[in-house]
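Chain and residue survey
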Amino acid sequence: MWFRNLLVYRLTQDVDFDTEKLEAALAAKPARPCASQELATYGFVAPFGKGEDAPLVHESQGFLLISARKEERILPGSVVKDAVKEKVDEIESEQMRKVYKKEREQIKDEIVQAFLPRAFIRKSATFAAIAPAQGLIIVNASSPKRAEDLLSTLREAIGSLPVRPLTVKIAPSATMTDWVKAQQAAADFHVLDECELRDTHEDGGIVRCKRQDLTGEEVQLHMSSGKQVTQLSLAWQDKLSFVLDDKLVAKRLKFEDLLQEQAEQDGGDDDLSQQDASFTLMMLTLIEFLPALFEALGGEDTPQGI
């Protein structure tokens, strides 16, 4: 249980995350299969284990882990488009009349409904960790839309969820640009070998570097011409590495072998114990790492009135 991406949200008010109450609330919105005429369903599943008895909330050392599953029927747009065109051509040929927009939309709806029962089904899970003492919700996603799907469903389940994306006082791109220019990051952070540079003009160029010495003349030349760092690979202490973007999303998070080996030792031979040990160690690491990251980026920004 190691998150690969981090989207971090700040609770703006105290919320009572009682494990039993949260379990009951999530049980009222369970994941379920798509009915024959449904495009998608969304609900909560057990983060660990399987079966009806597996809890929907996993608690360890004050941290909570939840998981939501989306099930959707996949209808390729090209297939629907071809079927609509075929039907429209048939009507125009047989009835000698033009098919206009409103009728086209109706034909499309009928075709979608006819195709739905035969469509492929795709399932995807999203995990989120709640750290009540720190006032944080951490979603294992790189897409804000995917995170918001989970948070909005959680809000519906518990009735209220006063939360906002965590932001910092200085634009992350400005700080990352300074780090690469100075060839040194903040304390305990190390610049690695990957970045994305963008011109500040709307139609400006984009340069992506991988396995590149970012202190080299080539990269520094791009920056001297005005390009800003919008993604940067970093390491923190000897515990994890990640790619940070200008929206404050941490992607491709990798916990170092030392942590993973410690989790294996703590968890023993049982799968569920291994998952619990991994989750606990991950959270203990993240609540140390995230404040350090926010501080390195200029400090957390708290909007007035919150």
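The shown structure was predicted, so the numbers you read here are calculated from the model rather than taken from an experiment.

**Structural notes on the environment of Ile 91**
Mapped onto the elements, Ile 91 comes out in helix α2 (residues 77–95). Sequence spacing of Ile 91 and Glu 218 is 127 residues, and the spatial spacing of their C-alpha atoms is 61 Å. Every residue in contact with Ile 91, bar those within four places of it in the chain, is listed here: Met 96, Arg 97, Val 99, Glu 103 and Ile 107.

**Some details on the environment of Leu 214**
In this fold, Leu 214 is placed in the loop between β10 (206–209) and α6 (217–224). For Leu 214 and Lys 181, which are 33 residues apart along the polypeptide, the C-alpha to C-alpha distance reads 8.9 Å.

**Some remarks on helix α1 (residues 19–27)**
Of all the residues in α1, the buried ones are Leu 22, Ala 25 and Leu 26. Buried residues in α1, looked at end-on, bunch into an arc of 95°, giving them a common side. Turned more than 90 degrees off the buried face of α1, the exposed positions are Glu 20 and Ala 24. Turning to α1, the residues buried within the fold contact β2 (40–45), β4 (63–74), β5 (120–131) and α4 (144–158). If you check the start of α1, you find a side-chain oxygen 3.2 Å away from the backbone N of Glu 20, and it comes from Asp 18.

**Focus on the domain arrangement of the protein**
Per the domain assignment, the segments of the protein are domain 1 (7–72 + 121–165), domain 2 (77–117) and domain 3 (172–297). Taken over C-alpha atoms, the centre of domain 1 sits 26 Å from the centre of domain 3. At the junction of the two partners, domain 1 supplies 17 residues and domain 3 supplies 13 residues. In terms of surface lost to domain 3, no three residues of domain 1 exceed Phe 48, Phe 63 and Ile 138, which account for 35% of the buried area on that side. Taken together, domain 1 and domain 3 are joined by three residue pairs in polar contact (both at pLDDT 80 or more). The leading source of residues in the side of domain 1 that touches domain 3 is β4, at three residues. Here the residues of the side of domain 1 that touches domain 3 sort into eleven nonpolar, six polar and no charged.

Rules and cut-offs
Residues numbered from 1 in each chain as written. Predicted model: local features only at pLDDT ≥ 70, side-chain atom pairs only at ≥ 80, totals over all residues. Heavy atoms only, no water. Helix = DSSP H or I, 4+ residues; strand = E, 2+ residues; numbered from the N terminus. Contact = heavy atoms within 4.5 Å. Buried < 20%, exposed > 50% of the residue type's maximum accessible area, 1.4 Å probe, protein only. Arc of directions from axis to C-beta. Polar contact = N/O pair within 3.5 Å; in protein donor to acceptor, adjacent residues only side chain to side chain. Domains from an automatic or database assignment. Buried area = accessible area lost by both parts, 1.4 Å probe. Nonpolar A, V, L, I, M, F, W, Y, C, P; charged D, E, K, R; others polar.

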